[in-house]
Amino acid sequence: MEPTPLYIDGAFVAPVSGASFEAIDPATEEVFAHVGAGAAADIDAAVRAARRAFDTGGWPATPATERARILRQIAEGIRARADEIALIEVRDNGKPLPEAKWDVGDAAFCFDYYADMAEAFEAKGDTAVDVGDARFDASIRREPLGVVGAITPWNYPLLMAVWKVAPALAAGCSIVLKPSELCSLSCVELARIIDATDLPKGVFNLVTGTGPDAGAPLSEHPMVDKVAFTGSVPTGSKVMTAAARDIRTVSLELGGKSPFIVFADSDIEKAVEWIMFGIFWNQGQVCSATSRVLVERAAYAPLLDRLAEEARKITVGRGTDEGILLGPIVSKGQYDKVMAAIARGTKDGARLVTGGARPQHLNHGYFVEPTVFADVPAGAWIWKEEIFGPVVCVAPFDTEGDAIREANDSRYGLAAAVMSDDLDRCERVAGAMRAGIVWVNCSQPTFAQLPWGGYKASGIGRELGEAGYLAFTETKQITRFDKDETWGWYIKGA
C-alpha cells in the first residue's frame, strides 16, 4: 500500500523522512492503509508556505466574494464525493454509515455557511464609532489573523477539521492542518478536493503525523499566529504552554463531563431517547456527551428500567452493516481505556445495570456494549472524569438545588441538558448551569450557526457561528483626525 501524501504549497508530496504509519479498521483490527508520517521538517515547509501565501500571496486581500466562491467550490467537491468519503470515515473511525453521511453533509454545509458569512462581513464594512469629539472619525475593522495551525481530533475527523478550515479560509487566513493520527484519511481527501479548486497554493496545507512528531512542532512554530486545537486536556495544556512562550493566540476545545438533569414530570420515553442519543451517538466518543445523568428520585427507578431495556436493544457491529447503531471504539488504546474505566466504576461501588463487556457475537474489533451504571457515588472516578465511550452514569437527586449543585460540581463546563415539562423551571436551570452549551428537553443537537465551546477546563474560545469566524480575525481601530483642524498642543497659535 502506497502511503498517502502530505499537501504542501499546492502540491502532494511525500514526507521528508519517507516514514508512514498504519490505518487500522477498528471493526476488524486489520491494516487497510498507510498514512504519510510528517515531522518537524514537513511542518516547517508547510508553515513557510502558509506564511508566504498570507504575507505576499494576496489571499488576505482577496475580495470576500472570491473567497466565498472558492469555499462553495470546496462544498460542492465534498458533496460530489460524499458517499465515498463517508465510507472512508466508517473504515477509519468505525462510526455507523448513517452518522458518517450526516457528518459529511454537515462539513459541506459549513463551507457554504462561512462563504455567506465572509460576504456579509465585507458588505457590512467597518463599524463607525462616535468618540464624542467631532474632529475625530473612528472605526473598528476586522482583519484576517494570519497563519493558523489547526490540530484536530479523531472522533469527527472531517467535520472537526472543517470547523476550523472553513472559517479560517473565509476570514482570509492561511492554514496548516494536522489531523489525528488515528483518523487522517478523510482529511487527505479534503486536500484532494481543495487541490481541484481555485484556492491559491499555500493557503491550505495538510501534514499528517503523530502528535509529538508533527503536532508539537506545529504548535511551537514561531511563524504560526494562532493555534486552534481540539483534543484532550493534557495535550491542550501543552499547546497553551507552547503558545504562551511566543504570546501566540490559541483556542482550545478540550471536552467535558456533561450533566443531564431529568425532572420527574418529564415523559420517560422521551427522556430515555434523549439520554441514549446523548451518550451512545458516535459510540460515546463525543466531547459534549451527556454522560452524567441526574434523575429526580420519583422517576429514578422507572427511568433506569426503561433505559436499560432500550440500551440492550441497540444493535452493535460494523458501521457499514445495515441497521447498526453502535460501531467500534476507534482504537485498541481507546478500547482499553474504556474497559479500564468500566472496571474502575464497579470497583468504586457503582452498580452495573447493563453492558460493560464485549458483545458476545463479536470476536474481533474494539466493540463495547452500551453500558449503564446506576447509583454512582458522587466522588467516583467515572462520575468525575471523561470516559469517551458508550458509558453513562446515572444518580438520583431530591431537589432542584441539589441537581444544579451536582451538575456544576465538575472541572468541566462544555455542555449540559435539562428536561422537564415545566418550561419556566427549564429556563431557570439552564441559566444556572455553568456550561457553554445548554440543551432544553434534548441533548446533542449541533448547528453551525451557533457558538460551540465551554467554561472552565473545557477550553478557551468558541467555534462555529459568527464567533467561529471572528476567532480567525484581529480587531483594528482606525482613528482619523480632520485635516482642516489644528491640534495645537505643542505648537501654540499654529
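The structure this text deals with has already been given above.
About the cut-offs
Residues numbered from 1 in each chain as written. Predicted model: local features only at pLDDT ≥ 70, side-chain atom pairs only at ≥ 80, totals over all residues. Heavy atoms only, no water. Pairing = 2+ DSSP bridges. Helix = DSSP H or I, 4+ residues; strand = E, 2+ residues; numbered from the N terminus. Axes fitted to C-alpha atoms, helices over the stretch in contact; angles between N-to-C directions. Contact = heavy atoms within 4.5 Å. Disulfide = S-S within 2.5 Å. Buried < 20%, exposed > 50% of the residue type's maximum accessible area, 1.4 Å probe, protein only. Polar contact = N/O pair within 3.5 Å; in protein donor to acceptor, adjacent residues only side chain to side chain. Right-handed = clockwise from strand over helix to strand, strands pointing away. Patch = residues over 30% accessible without salt bridge, like charges linked within 9 Å, V, L, I, M, F, W, Y side chains within 5 Å. Areas by Shrake-Rupley, 256 points an atom, 1.4 Å probe, with all protein chains shown as cover. Salt bridge = Lys/Arg side-chain N within 4 Å of Asp/Glu carboxyl O. Lys, Arg positive; Asp, Glu negative; His and termini not counted. Charge placed at Lys NZ, Arg CZ, Asp CG, Glu CD. 1 Å grid on protein atoms, 1.4 Å probe; cavity = no way out; pocket = protein on both sides within 12 Å on 5 of 7 lines; lining within 4 Å. Points joined across faces, edges and corners; volume = space filled by probe spheres on them. Nonpolar A, V, L, I, M, F, W, Y, C, P; charged D, E, K, R; others polar.

**Remarks on the sheet that holds strand β14 (residues 351–354)**
Pairing is mixed in the open sheet, where 7 strands are placed in the order β14-β15-β16-β13-β12-β18-β19. Only two strands of the sheet have a single neighbouring strand rather than two, namely β14 and β19 (437–440). Shown here is a sheet whose adjacent strand axes are inclined to one another by a mean of 20 degrees, direction ignored. Here 5 bridges tie strand β13 (residues 292–296) to strand β16 (residues 391–397), and the two strands are oriented parallel to one another. The residue bridging Leu294 from the neighbouring strand is Ala395, located in β16. Here helix α14 (residues 423–432) sits on the sheet and contacts β12 (259–262), β18 (415–419) and β19; the angle it forms with β19, its principal contact strand, is near 165 degrees.

**Section: the state of the cysteines**
In total, this model carries 0 disulfides according to the counting rule given. Free cysteine: Cys183, not disulfide-bonded; nearest cysteine sulfur from Cys187 at 9.3 Å. Here Cys287 is not disulfide-linked; the sulfur of Cys110 is the nearest cysteine sulfur, at 15 Å.

**Thoughts on helix α7 (residues 211–220)**
Those residues of α7 that fall on the buried side of the exposure criterion are Ala214, Gly215, Pro217, Leu218 and Ser219. Tucked inside the fold, the buried residues of α7 contact α1 (40–55), β7 (147–151), β8 (174–178), β10 (226–230) and α8 (233–245). The N-cap residue of α7 is Thr210: its side-chain oxygen and the backbone nitrogen of Asp213 are 3.2 Å apart.

**A short note on the pairing of β19**
On β19, burial follows the alternation: Ile437 and Trp439 on one face are buried, whereas Val438 and Val440 on the facing-out side are not. Sheet topology places β18 next to β19; 4 bridges connect them, and they run parallel. The partner of Ala416 across the bridge, within β19, is Val438. Regarding the hand of the β-α-β motif, the stretch spanning β18, α14 and β19 is right-handed.

**Structural notes on a negative patch on the surface**
Judged by side-chain charge, Asp267, Asp421, Asp422, Asp424 and Glu427 come together as a negatively charged surface patch. Locating Asp422 in the fold gives a position in the loop between β18 and α14.

**Considering the layout of surface pockets**
By volume, the largest pocket is sized at about 1100 Å³. For the largest pocket, the lining is made up of 43 residues, of which Trp154, Phe229, Gly231, Ser232 and Thr235 are closest to its centre. Residue assignment for the lining of the largest pocket shows that the elements contributing at least two residues are α7, β10, α8 and α11 (332–347). By residue class, the composition of the lining of the largest pocket is 20 nonpolar, 14 polar and 9 charged. Its boundaries defined by the atoms lining it, the second largest pocket holds a volume of some 460 Å³. As for the second largest pocket, its lining consists of 23 residues, and the residues nearest its centre are Asp106, Leu159, Gln444, Pro445 and Thr446. Secondary-structure elements contributing two or more residues to the lining of the second largest pocket are α4 (97–124) and α5 (157–171). Its residues placed into classes, the lining of the second largest pocket shows 16 nonpolar, 4 polar and 3 charged.

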